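So the chains spell out like this:
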Amino acid sequence: MPIFFDEKANSFKLDTPNSSYIIKIMPLGYVSHLYYGGRISDSDVDYLYQCIERPYSTNPDGIKTRDFSLEHLPQEYPCNGTGDFRTSAITIRTEKGNTSTDLRYKSYKIYAGKPKLEGLPAVYTEDEGQADTLELILEDKVSGAEVTLIYTAFRSLDVMTRSVKVTNRSSAPIAIERIMSTSVDFNESEYDFIHLYGTWANERMVSRTKLHHGKQGFESKRGTSSHQHNPFFALAMPNTDENMGEVYGFNMVYSGNHFSEVEVDGFKTTRAIMGINPTDFEWFLERGETFTAPEVVMVYSNKGLGEMSRTYHKLYQNHLCRGEWRYKRRPILINNWEATYFDFDDDKLIHIAKGAAELGIEMLVMDDGWFGRRNDDYTSLGDWFVNEEKLKGGLSSLVERVNAVGIKFGIWVEPEMISPDSDLYRAHPEWCLQVEGRAFTTGRSQLVLDMTRKDVRDYLFKVLSDIFSCTNIEYVKWDMNRHLTEVGSLLIPANRQKEIFHRYVLGVYDILERITLAFPHILFEGCSGGGGRFDPGMLYYSPQIWTSDDTDAMERVKIQWGTSMCYPVSSMGAHVSACPNHQTMRDTSFETRGAIAMSGTFGYELDVNKLSEKEKEMVKKQVHKFKEYYDVITYGDHYRLLDPFKNSLRAAWGFISQDKNEILITFVQIKGEASGPLYKIRFAGADPNKKYQDTATGRIYRGDTLINAGIMIPYILGDGVTYMCHLKTV
Ligand code: DGJ
């Protein structure tokens, strides 16, 4: 059994194929963390923690010996205010106002499979043989809080998920002030801290720094997971690179305010925590009520960052994305946003659709501007009624005409938002987030609907269902274009206003669940001002997410590289857009724009009718190529080969099919060099025992040659030139 209880050692051992995790129940019921790392056979590893008397430390329970202190004990779920002064996982406030929290072991359960988390997205199993779960039940006798730590270990992936439930078993109400989903103590500190920071149009840049004494971390207080800090971090040994070395990944299945902190103490131990951001958070529990914290997915790899990422990719493709579109071939789409912005009508769209269909593109997506009086971004969010001045004959007529030219139709919506200048706002000013007496802060001139309200969600469900069912809509882009301010709700009592940030996210999940269940045939693409909500929570509802509003191919190299740290290429929305690029004014060759967008869901974001005949031919070729490469890109293993964060001149990455019979390598010369080196790319993913043939040159390589000697990149001059090498076994 991958999870078992060693009665003699009083310890629990959880195994994945290459990792082990050991928890020990200590005297007095404290739950200690003894080990997380490469797989080991022993379950009794008591020697890893030694009680040492440390002057000036606290001793719990009035015990006489001075060598047992929570301050130095590696713990599974450290509490606040009872002697562990490091960053804590949980703070419960009692009715009397006290926040010291003391959790002790009560009981456990081990079972096959993985439980659902109520109201929350989570990684899932499809049969009980895929994973095993340990529930550790702890209790705080004073507050009456019963805390269940839920651990699931996957049998075929080095994945452990963690989440937490708190039930109030006392007769008085309690308040949760802080609740982390995971906390892991390491007895060393020689790690690098890797995380993904950014801005709008520059999401998921990779930062790698040495851990230092004290605290380091990041958070979102914006109501979404944000462009600024993705809910992901990794702790890697200093020598860990793409192909070798140990790394621990942490990624939170959550789309709201998150918090990650790593603390190194004076004794060089490290504590890593991740959970809902405690700032502006609190949750009341009446007697018998339960709160469930979102899940954190922990991945262990001793084969470098590449293996960590591939584990996340496999997990998310097979155990997080759901529904028909999980494995169905996604259409190559054309989106009119950068082609027209708000300036379109039905004829213009049909013109684009016709041109696109002739080149082999499979779907037209009508972006923002089709409803209310929306001719710019100052108005009409909430008025989800077709603007018939723009779309004469209405939506059905447009969709019929699009379908008649031989392609599918998709639509853009931004359901969580409301413009102050909208009929919806005039009818229901009470429906947006607000604080009585305080002026609104707008973002893109819009306000945010109060998604905590059931009446708002019911209205949205009805109005969206009417649109999605009135005609043949096969794709929906679900956008969200501002962060949350004045986070108050008119329906929630004063003492629960700090629940709103989390309740907002639960409300978004509720409507997404209802809509995606009601329209299983629709392909949903998440979006938030580009990639501002690119997180595992959203992937549960939409198997692809618009990666960034920056469509510049050269900038996308870094954005898509960073995104691939934990998200599969099959989830990354990527399009060829017009040049000069609208965000950077850069010109990049059409081939290169295509090559970069192909490492994503692939589509276009321009008016094909404005392309030259030569470019149109290239579109046909790209469409053909993408279809040929679709399986290896979408379902293949992804390898990052040449890091643009280390080398601003060039980058490379590749894919290999699961059967190891097909390889695709993309090399980009980001900046040309007058007299650059000849470049060699080694591909660690190849099967050493197979022979691969370059489909363009006919040259044959043995797999071990690709691994060790690599391929030579033809001498490339010029900015933004790409080389793609496609190999198949012979
Ligand atoms: C932000 C998105 O990221 C863009 O692609 C586009 O849909 C605009 N919103 C429309 O307002």
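None of these values were measured; they are calculated from a predicted model. (Residues numbered from 1 in each chain as written. Predicted model: local features only at pLDDT ≥ 70, side-chain atom pairs only at ≥ 80, totals over all residues. Heavy atoms only, no water.)

**Q** Describe the pattern of salt bridges, naming the residues involved and giving the relevant values.
**A** All chains considered together, the criterion is met by 57 salt bridges. Its salt-bridge partner being R93, residue E177 comes within 2.8 Å of it at the nearest N-O pair. You can see E177 sitting in strand β10 (residues 174–186) and its partner R93 sitting in strand β5 (residues 90–93), a full 84 residues away along the chain. For D368, the salt bridge is made with R444, and the minimal N-O distance between the two is 3.8 Å. You can see D368 sitting in the loop between β22 (363–366) and α4 (394–404) and its partner R444 sitting in the loop between α5 (423–427) and β25 (447–448), a full 76 residues away along the chain. Assessed through its relative accessible area of 1%, D368 is described here as buried. What makes R444 partly exposed here is its relative accessible area of 30%. (Salt bridge = Lys/Arg side-chain N within 4 Å of Asp/Glu carboxyl O. Helix = DSSP H or I, 4+ residues; strand = E, 2+ residues; numbered from the N terminus. Buried < 20%, exposed > 50% of the residue type's maximum accessible area, 1.4 Å probe, protein only.)

**Q** Lay out the domain arrangement of the protein chain with the relevant residues and their values.
**A** Parsing the protein chain into structural domains produces domain 1 (3–319), domain 2 (332–546) and domain 3 (642–729). Put simply, the middle of domain 1 and the middle of domain 2, counted by C-alpha atoms, are 35 Å apart. At the junction of the two partners, domain 1 supplies 36 residues and domain 2 supplies 27 residues. Taken together, the two surfaces of domain 1 and domain 2 that pack against each other cover about 2,600 Å², and 59% of this comes from carbon and sulfur. Contact with domain 2 buries area across many residues of domain 1, yet S255, W283 and F284 alone supply 20% of it, more than any other trio. (Domains from an automatic or database assignment. Contact = heavy atoms within 4.5 Å. Buried area = accessible area lost by both parts, 1.4 Å probe.)

**Q** Please set out the sheet that holds strand β1 (residues 3–6) residue by residue, giving values where relevant.
**A** In space, the four strands of this open sheet follow the order β1-β2-β3-β4, with antiparallel pairing throughout. The open sheet terminates on both sides in strands that have one partner only, identified here as β1 and β4 (31–38). Ignoring which end each strand starts from, the neighbouring axes of this sheet average 15° apart. Taken together, the four bridges between β1 and strand β2 (residues 11–16) define a ladder with antiparallel strand orientation. Looking at β2, one finds that D6 is bridged to S11. (Pairing = 2+ DSSP bridges. Axes fitted to C-alpha atoms, helices over the stretch in contact; angles between N-to-C directions.)

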